[in-house]
Amino acid sequence: MRPTLPLLCVCFYALLSSGTSSGDDRRWLVSLVDLVELDYQDHCDQRAKATWEELLGSSKGLSLKLERDKAFGIFARKQKTEVNAAYTAHSLSADDDVLRRRVKLLIQPGDTLLDTQQWIRLVTFGDTALNRLQFATDYDCGYNTTCTLRELQNNIARQPDEEILRRMKLSWENHLPDLQDYLDNILPLLRNASKENHYDLVEEYWDSLVEYEGATLAARDIWQHVQPLYQKLHKYVTLRLRGAEEVGKPLPVHLFRSLTGDDWSNLIESLLPKYPDIYQKVHANIQLKDIGGLNAYREANSLLRQLNLGEVPNDILTESAFNGTCPPTIVDWCQPNKLRFISCKDVSIQNYMDAHETATKIRFKITTALHSNNTYILREAPRYSAIYEAVPGFVSLLSLDPHTLDRAGLYPLERFNYNSNHHRLVLQLIIALRDLPKLNYYLAVDEWRLKVLMGQIPLSKVEDSWSEFRRNFSQIEPSSSDILGDPYVLFNKPYIGKFLGLILKYQIYQSFAEELISDDLDLITHVFQNNQRLIDVMMQGFSVSWPEMISDLLVKRENGLEYNALTDYFRLLDEYLDNQLDPASDHAVEDYNEPPPEVDLQENEIPEETSLPKSEDGNEKKDVSPLKTHDDILDNIIETDEDSNSKYETSTVGVLEIKNPVAAGDQSDAQNPKEASYNVYWWIGVAVALAVVVILVAIIARKRQSHRKQLEKQRRRQTA
């Protein structure tokens, strides 16, 4: 595109210099790879600009994005040919690992090797479908109102009526692309892409993009061990929503208050255990502190600082947009510190966790880009790294750690310790509703596509096969076409990398947690003190394949993925589900100890400082949290969105009082000692005020009397 003069000189030098043939070949290959990567970076910059304009709703955004995406595919196919021609047996020595890695990534770039017309067909289908979904304004939001996609998502999250939920989802499905068009013209392109990258099977091709040998087989094996926990959670949801007689039967997608059923978080308030104190307070405090939009990312930055992983620069936060939909979308200009993201500003625990995960992904990209050896292709390789998914996912787990919640002013640690296992159970339920459905969905989407491509589904049944497959695999009843609302499906991308990343994040968590002698110790401080293994894998980027980094990341000799970390993490939830589904089981439920009421600090009291991780210079890292001044949470209406179509929605958890709540046992006419002391002080204050008034009146009267005497003396003198 625009190669620099020094690099052109290098190219000419490589051509004209004397020496061995292998030396000339290597110099020519290095020069060519450098130039190709510069051109790639130019394309990345242009595509990022077009993508950003399209996400912001520019009138020319879609056409510009299509133009850039089409040009990128043509460019990538051409550069592969040139690099492949320059790559000979003599051009690389045995120790040229980095150069060999760069060449491999350039000559096997994935789907961009498709024939030009096929590539144009793929990106046109995907870009057009996503744009239509994103900017439609005629979705059915119930109550005879139409709305945008963001408003639809908000209303689905709060809508209790099953029939209205069904109509809402149906209005979304009406904007999906044609299923038959996808099955005939888009999905088969995966076979062509596999052949262009020298693989006979699509499964092998996807495994190569994930860079994990036998990745799909490994995912199937892991799922066999995770599936029992998923099934228990599904039965528990059915029990709570529809009763015991429906347990074991499939549930329609819309009943999960979700468009695709890959996240059940919106059901949390219908599934809480008997004592949901920690959820109620965290939910209410997030609302009170308005931890949504930009504030959620500032909170995420606070945790990143506590972990000493850096932070998202303020200019990235201020230049990003918060008027879109959740989950967030990151746009990368392939340059250090030049990233933006578009997200929503809605306030919820889900978006709070999403903000932590997205902020860490941005920090991951920045750390990779700052490493001096990472050229463009080693930062932006067309691969699906499980570590890139796992490390941000690990930080999202830490966002609900008791010490994180305490420092953020969301839930006091001393209150958590009264019923630590019960509160951990509630937090595990929140996370399970978020992660277990995703695991199931990721594998279901990939498995269905592979079955269709391998001809394992009769042609007469293919059109309705997604609905039947998911009913059997997930115990969920989708429509036959709702899979086409997924960007990974529209662009023929594999989900296997995300599946493995989700498993790996629990292994990372376990590797740190096992190093503590007690669950009550501060895991945040421990990660802060041992964060180098996280920073190392972030710095590596794609310079090596991610499986080679697992052993160092987990501080173990093994470099494989295991399911045990996930099942161990949800141990308390597993026991609770057993008890709920079979009350006669041997799983005992611990007694709940009612914590004492929280006491507000008086004005002259100095709050005790929270122990924070210390930086390298020995000073405590500052992270000032506001005082917790409220206690009990009851039903109330909370405004969570400024959109007009949400004005009638309410939350089942609200804020009753901010300070000095009245306990349930104190609602009587008798005064308690604290109230009596306030009455005494009040009467003393009244008496003092009256005394001051009397004294002031006396002083004024005395001055007036003195003034009269002086006037009388002056009259006498004048008459004399």
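This is a predicted model, so every value here is computed, not measured. (Residues numbered from 1 in each chain as written. Predicted model: local features only at pLDDT ≥ 70, side-chain atom pairs only at ≥ 80, totals over all residues. Heavy atoms only, no water.)

Participant: Help me understand the overall build of the chain in this model?
Facilitator: Summing up its helical and strand segments, the chain has 30 helices and six strands in all. Sequence-distant contacts in the chain: of pairs separated by 6 or more residues, those separated by 24 or more amount to 73%. Of the roughly 34600 Å² of accessible surface on the chain, a fraction of 51% belongs to carbon and sulfur atoms. (Helix = DSSP H or I, 4+ residues; strand = E, 2+ residues; numbered from the N terminus. Contact = heavy atoms within 4.5 Å. Areas by Shrake-Rupley, 256 points an atom, 1.4 Å probe, with all protein chains shown as cover.)

Participant: Explanation requested: the state of the cysteines in the structure shown.
Facilitator: Under the defined criterion, the tally for this structure stands at three disulfides. Bridging Cys 141 to Cys 147, the disulfide has an S-S length of 1.8 Å. For the disulfide bridge between Cys 141 and Cys 147, the dihedral angle about the S-S bond is near 75°, and by the sign convention the bridge is right-handed. In this model Cys 326 forms its disulfide with Cys 344; the gap between the sulfur atoms is 1.9 Å. Disulfide Cys 326-Cys 344: the torsion about the S-S bond is -95°, which places it as left-handed. Remark: Cys 344 occurs in the loop between strand 5 (339-342) and helix 16 (349-370) and Cys 326 occurs in the loop between helix 15 (314-319) and strand 4 (329-332); sequence separation between them is 18 residues. (Disulfide = S-S within 2.5 Å.)

Participant: Even after reading the chapter, I still don't get the environment of Asp 207, so can you show me in this structure?
Facilitator: Inspection of the secondary structure assignment puts Asp 207 in helix 10 (residues 202-210). Here Asp 207 falls in the buried class, since its relative accessible area comes to 10%. Spatially, the C-alpha atom of Asp 207 lies 9.5 Å from that of Tyr 384, the residues being 177 residues apart in sequence. Excluding residues that lie within four positions of it along the chain, Asp 207 makes contacts with Tyr 212, Gly 214, Ala 215 and Thr 216. In this structure the side chain of Asp 207 is engaged in a polar contact, spanning 3.0 Å, whose partner is the side chain of Thr 216. (Buried < 20%, exposed > 50% of the residue type's maximum accessible area, 1.4 Å probe, protein only. Polar contact = N/O pair within 3.5 Å; in protein donor to acceptor, adjacent residues only side chain to side chain.)

Participant: Help me out: how do you make sense of the packing of aromatic side chains in this one?
Facilitator: Two measures describe an aromatic ring pair: the distance that separates the ring centres and the angle between the ring planes. By the definition in use, this model includes 27 aromatic pairs. Between Phe 364 and Tyr 388, the aromatic rings sit 5.4 Å apart at their centres with planes inclined by 90°, giving edge-to-face as the arrangement. Here Tyr 388 lies in helix 18 (residues 386-398) and Phe 364 lies in helix 16, a separation of 24 residues in the sequence. No difference in accessibility class separates Phe 364 from Tyr 388, as the two residues are buried. Here the aromatic residues Trp 223, Tyr 230, Phe 256, Trp 264, Phe 469 and Phe 473 are joined through ring pairs into a cluster of three or more. Seen from the ring of Phe 72, Arg 47 lies directly overhead, with NZ or CZ sitting 4.2 Å from the centre. Taking the ring centre of Phe 512 as reference, the NZ or CZ of Arg 533 above it sits at 3.7 Å. (Phe/Tyr/Trp six-rings, centres within 6.5 Å; stacked < 30°, edge-to-face > 60°. Lys NZ or Arg CZ within 6 Å of the ring centre and 35° of its normal.)

Participant: I would appreciate a short explanation of the pattern of salt bridges in the present structure.
Facilitator: Pairing of side chains with opposite charge becomes possible as their charged atoms draw close. In this structure the tally under the stated criterion is 41 salt bridges. For the salt bridge of Glu 447 with Arg 220, the shortest nitrogen-to-oxygen distance reads 2.7 Å. Taken together, the positions of Glu 447 in helix 21 (residues 420-453) and Arg 220 in helix 11 (residues 215-242) put the pair 227 residues apart, joining distant regions of the chain. On the basis of relative accessibility, which here comes to 24%, the residue Arg 220 falls in the partly exposed class. (Salt bridge = Lys/Arg side-chain N within 4 Å of Asp/Glu carboxyl O.)

Participant: In this structure, what is going on with the pairing of strand 5? I would like to understand it.
Facilitator: Taken residue by residue, a regular strand's side chains alternate between the two faces of the sheet. Pairing of strand 4 with strand 5 involves four bridges; the strand directions are antiparallel. Across the sheet, residue Thr 329 finds its bridge partner in strand 5, namely Ile 342. From the end of strand 4 to the start of strand 5, which pair antiparallel, there are six residues, and Cys 334 there has a positive phi angle of about 60°. (Pairing = 2+ DSSP bridges.)

Participant: Where do I start with a negative patch on the surface in this structure?
Facilitator: Together, Asp 178, Asp 184, Glu 463, Asp 464 and Glu 468 make up a region of like negative charge exposed at the surface. Relative to the helices and strands, Asp 184 resides in helix 8 (residues 179-186). (Patch = residues over 30% accessible without salt bridge, like charges linked within 9 Å, V, L, I, M, F, W, Y side chains within 5 Å. Lys, Arg positive; Asp, Glu negative; His and termini not counted. Charge placed at Lys NZ, Arg CZ, Asp CG, Glu CD.)

Participant: Can you help me understand the environment of Ile 457 in this one?
Facilitator: The residue Ile 457 is located in the loop between helix 21 and helix 22 (465-474) in this model. Since its relative accessible area comes to 14%, Ile 457 is described here as buried. Leave out the neighbours within four places in its chain, and Ile 457 touches Trp 448, Lys 451, Val 452, Val 462 and Ser 465.

Participant: I would appreciate a short explanation of the side chain of Thr 325 in the present structure.
Facilitator: In this structure, Thr 325 sits in the loop between helix 15 and strand 4. Excluding residues that lie within four positions of it along the chain, Thr 325 makes contacts with Gln 134, Leu 149, Arg 150, Gln 153, Ile 342, Ser 343 and Cys 344.

Participant: Looking at this structure, how should I read the confidence of the model for the chain?
Facilitator: When pLDDT is low, close inspection of the predicted coordinates is not appropriate. Confidence in the prediction for the chain averages 86 pLDDT; 82% of positions are at 70 or higher. Taken element by element, the predicted model of the chain shows its lowest mean pLDDT in helix 1 (residues 5-16) (45) and its highest in helix 18 (98). The low-confidence segment residues 1-20, where pLDDT is below 50, has 26 contacts with residues more than four positions distant or belonging to other chains. Residue range residues 601-676 is modelled with pLDDT below 50. Its contacts to residues more than four positions away, or to other chains, number 127 contacts. (pLDDT = per-residue confidence, 0-100.)

Participant: I keep staring at a nonpolar patch on the surface and nothing clicks. Help me out?
Facilitator: On the surface, Ile 684, Val 688, Val 692, Ile 695, Leu 696 and Ile 699 cluster together into a nonpolar patch covering about 530 Å² of accessible area. Mapped onto the fold, Leu 696 is located in helix 30 (residues 673-719).

Participant: Please clarify how the nonpolar core should be interpreted in this entry.
Facilitator: Among soluble globular proteins, nonpolar side chains are generally buried collectively. Counting residues in hydrophobic clusters, the biggest one holds 168 residues, and the most contacted among them are Tyr 182, Phe 499, Leu 500, Ile 508, Trp 546 and Leu 566. Here this core takes 19 residues from helix 21, the largest share from any one element. Once residues lying within four places of it in the same chain are set aside, the contact partners of Phe 499 are Ala 219, Ile 222, Trp 223, Leu 439, Tyr 442 and Leu 443. Judged by nonpolar contacts, the second largest core, of 14 residues, contains Tyr 139, Ile 156, Leu 176 and Leu 259. (Core = buried A, V, L, I, M, F, W, Y, C linked by side-chain atoms within 4.5 Å.)

Participant: How do you make sense of the packing of helix 21 against helix 29 (residues 571-581) when you look at a structure like this?
Facilitator: Helix-helix packing is described using two parameters, namely the angle between the two axes and the distance between the axes. As a packed pair, helix 21 and helix 29 sit with axes 8 Å apart at the nearest point and diverge in direction by 90°. With respect to helix 29, the axis of helix 21 lies roughly perpendicular. Packed against helix 21, whose contacting residues are Asn 421, Arg 424, Leu 425, Gln 428, Leu 429 and Ala 432, the element helix 29 presents Arg 571, Leu 572, Leu 573 and Tyr 576 at the interface. (Axes fitted to C-alpha atoms, helices over the stretch in contact; angles between N-to-C directions. Parallel < 35°, antiparallel > 145°, perpendicular 65-115°, else oblique.)

Participant: I'm lost on the side chain of Arg 407 in this one. Help?
Facilitator: Its location among the elements puts Arg 407 in helix 19 (residues 402-407). We classify Arg 407 as buried; its relative accessible area is 4%. A polar contact of 3.5 Å, which involves the side chain of Arg 407, links it to the side chain of Gln 306.

Participant: I'm lost on helix 5 (residues 116-135) in this one. Help?
Facilitator: Compared with the 28 Å implied by 1.5 Å per residue over 20 residues, the 28 Å span of helix 5 between its first and last C-alpha is a close match. Residues Gln 118, Trp 119, Leu 122, Val 123, Phe 125, Gly 126, Asp 127, Ala 129, Asn 131 and Leu 133 constitute the buried set of helix 5. For helix 5, the N-terminal capping position is held by Asp 115, with its side-chain oxygen 3.2 Å away from the main-chain nitrogen of Gln 117. (Expected span 1.5 Å × (residues − 1).)

Participant: Can you walk me through the packing of helix 16 against helix 26 (residues 532-540) in this structure?
Facilitator: It is at 7 Å that the axes of helix 16 and helix 26 come closest, and there the two elements cross at 65°. One way to sum up the angle between helix 16 and helix 26 is to call them roughly perpendicular. Relative to helix 26, the crossing made by helix 16 is right-handed. The residues of helix 26 that touch helix 16, namely those facing Arg 363, Phe 364, Thr 367 and Thr 368, are Ile 535, Val 537, Met 538 and Met 539. Each residue belonging to the contact of helix 16 with helix 26 can be placed in one class, and the counts come to five nonpolar, two polar and one charged. (Left-handed = near helix turned anticlockwise from the far one by under 90°. Nonpolar A, V, L, I, M, F, W, Y, C, P; charged D, E, K, R; others polar.)

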